[in-house]
Amino acid sequence: MAEKALSGAGLRGQVAGKTALSTVGKTGSGLTYRGYDIKDLAKNCEFEEVAHLIFYGELPTSAQLVEYKALLKSMRGLPQALKEVLERIPADAHPMDVMRTGCSMLGNLEGEDSFAQQLEKANRLLAAFPSIICYWYRFTHDDVRIETETDDNSIGGHFLHMLRGEKPNPLHEQVMNVSLILYAEHEFNASTFTARVCASTLSDLFSCITGAIGTLRGPLHGGANEAAMELIESFSSPDEAEQGLLCMLERKEKIMGFGHAIYRESDPRNEIIKTWAEKLAEDVGDTRLYPVSVRCEAVMWREKKLFCNADFFHASAYHFMGIPTKLFTPIFVMSRVTGWAAHVFEQRADNRIIRPSAEYVGVEPRTVTPIAKRG
Ligand SMILES: CC(=O)SCCNC(=O)CCNC(=O)[C@H](O)C(C)(C)COP(=O)(O)OP(=O)(O)OC[C@H]1O[C@@H](n2cnc3c(N)ncnc32)[C@H](O)[C@@H]1OP(=O)(O)O
Ligand SMILES: O=C([O-])CC(=O)C(=O)O
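Residues numbered from 1 in each chain as written. Chains lettered and ligands numbered in written order. Predicted model: local features only at pLDDT ≥ 70, side-chain atom pairs only at ≥ 80, totals over all residues. Heavy atoms only, no water.

(A) Quick peek at the packing of aromatic side chains. Tallied over the entire structure, the rule returns 9 aromatic pairs. With centroids separated by 4.7 Å and ring planes inclined at 50°, the aromatic side chains of Phe258 and Phe312 adopt a geometry described as tilted. Placement of the pair is Phe258 in the loop between α12 (238–250) and α13 (268–284) and Phe312 in helix α15 (residues 312–320), with a sequence separation of 54 residues. For the pair shown, Phe258 and Phe312 are each scored as buried. Counting every residue linked through ring pairs, the aromatic cluster contains Phe258, Tyr290, Phe312 and Phe313. Directly above the ring of Trp276 sits Lys279, whose terminal nitrogen or CZ lies 4.6 Å from the centroid. A cation sits over an aromatic face here: Arg348 above Phe115, 3.6 Å from the ring centre. (Phe/Tyr/Trp six-rings, centres within 6.5 Å; stacked < 30°, edge-to-face > 60°. Helix = DSSP H or I, 4+ residues; strand = E, 2+ residues; numbered from the N terminus. Buried < 20%, exposed > 50% of the residue type's maximum accessible area, 1.4 Å probe, protein only. Lys NZ or Arg CZ within 6 Å of the ring centre and 35° of its normal.)

(B) Unusual backbone geometry, seen in detail. A positive phi angle, near 45°, is found at Arg34, a position not held by glycine. By the secondary structure assignment, Arg34 is in the loop between β2 (31–33) and β3 (36–37). Classification of Arg34 by relative accessible area gives partly exposed; the value is 28%. Its identity as a non-glycine residue notwithstanding, Lys252 has a phi of 60°, on the positive side. Topologically, Lys252 is positioned in the loop between α12 and α13. Taking relative accessible area as the criterion, Lys252 reaches 73% and is therefore assigned exposed.

(C) A look at the UniProt feature "active site" (unreviewed entry) in the protein chain. Under the UniProt annotation, "active site" (unreviewed entry) lies at His260 and Asp311. Across 52 residues of sequence, these annotated residues stay compact in space, with a maximum C-alpha separation of 10.6 Å. Locating His260 in the fold gives a position in the loop between α12 and α13. Separated by 2.9 Å, the side chain of His260 and the backbone nitrogen of Ile262 make a polar contact. Counting through the fold element by element, Asp311 comes out in the loop between α14 (289–304) and α15. Each residue touching Asp311, except ones within four places of it in the same chain, is listed here: Tyr183, His221, Gly222, Ala224, Asn225, Gly257 and Phe332. A polar side-chain atom of Asp311 sits 2.4 Å from a polar atom in the side chain of Tyr183. (UniProt positions renumbered as here; feature names shortened; annotations may be inferred. Polar contact = N/O pair within 3.5 Å; in protein donor to acceptor, adjacent residues only side chain to side chain. Contact = heavy atoms within 4.5 Å.)

(D) Expanded view of the state of the cysteines. Applying the stated criterion across every chain yields a total of 0 disulfides. Here Cys247 stays unpaired: no disulfide links it, and the sulfur of Cys296, its closest cysteine neighbor, is 13 Å away. No disulfide involves Cys296; its sulfur sits 8.0 Å from the nearest other cysteine sulfur, which is in Cys308. Under the relative-accessibility criterion, Cys296 is labelled buried at 0%. (Disulfide = S-S within 2.5 Å.)

Below is the structure:
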């Protein structure tokens, strides 16, 4: 693929700060968190180990992991005032708006009074997001007030348990674990940069994360997994998908779940989640969505040299686990809160307010005409 122009619109190619958290596309396609390759982490770790790595700098020992999981478990409950707010959000609201409000409301109830509390508050958000989305979803869709303080051993298991009202099977819990690892951190992507801009004014953590959620919501960023689901569901066979995509490309439409601002040849998260989507397709006996997805991948590469990003095969993977499409992007939040918060900590540790300049393209200087004389 041709070298991408690293200047101009979208701040592409501008170094906007330093990070010790991750590298993206350093060798064309790689992704590392604090020096560990994403493939190594996804194969050998639980999400909570990766969260520990991102927050505390190192993978935990067994004893530290037990202690860390116990801490997160103890933070799953929601205050009554937050539950009441969630109950008042309509059933047809977008779940990302629920996450945004839930985060902001928690900031009102349990705000960050000093930066010394930043880790405690970040862990609280990590533990509370699955509870927030499931409490609202089950209240507004199933008319039940669920218990969010479960004894599930993992964040992914906690989420699936609350969503369905029963313990998940081990395959689903494992896929959630991998998915949360893949989405945890990604350098200066748009939502993380939002969080850092907010942090650079010395604002509180809840404000930084609330802003990041709003940025992640858009279909050019986290919202692409939902849009990808709508796309693949609209095709009844691989041949129909091929025809449909060719028409969309002819009309110069964007195909969600493809392309990337930094990677040039592939998104390393794709081959990992694709493998799990295939396993889940076999598990549920799917003969349509997975083959449709595979054909989309082939057509987009053949026609445009565009590759699947992290979002594309997440769509079918989540669908095969019975997760409603509108909850896809909130799962991204449940994971990325680790990266966002760690970037806030980094920004605070070496801060200068982020304030770029603009090229002025408006009218030349002029004077005000008295209002009676304007026409
Ligand atoms: C977890 C994540 O957030 S991953 C990203 C999720 N977002 C999506 O999947 C949305 C679809 N993808 C896109 O819109 C883009 O690829 C982005 C937003 C991810 C990156 O945007 P950019 O860095 O501006 O893209 P890039 O410079 O590589 O685009 C090159 C060309 O390919 C086209 N292109 C890029 N992605 C796509 C796509 N998915 N479908 C069709 N055409 C595309 C662009 O329109 C551009 O064409 P042009 O030169 O004629 O204008
Ligand atoms: O890095 C980006 O621009 C988007 C992305 O893949 C992510 O945030 O995971």
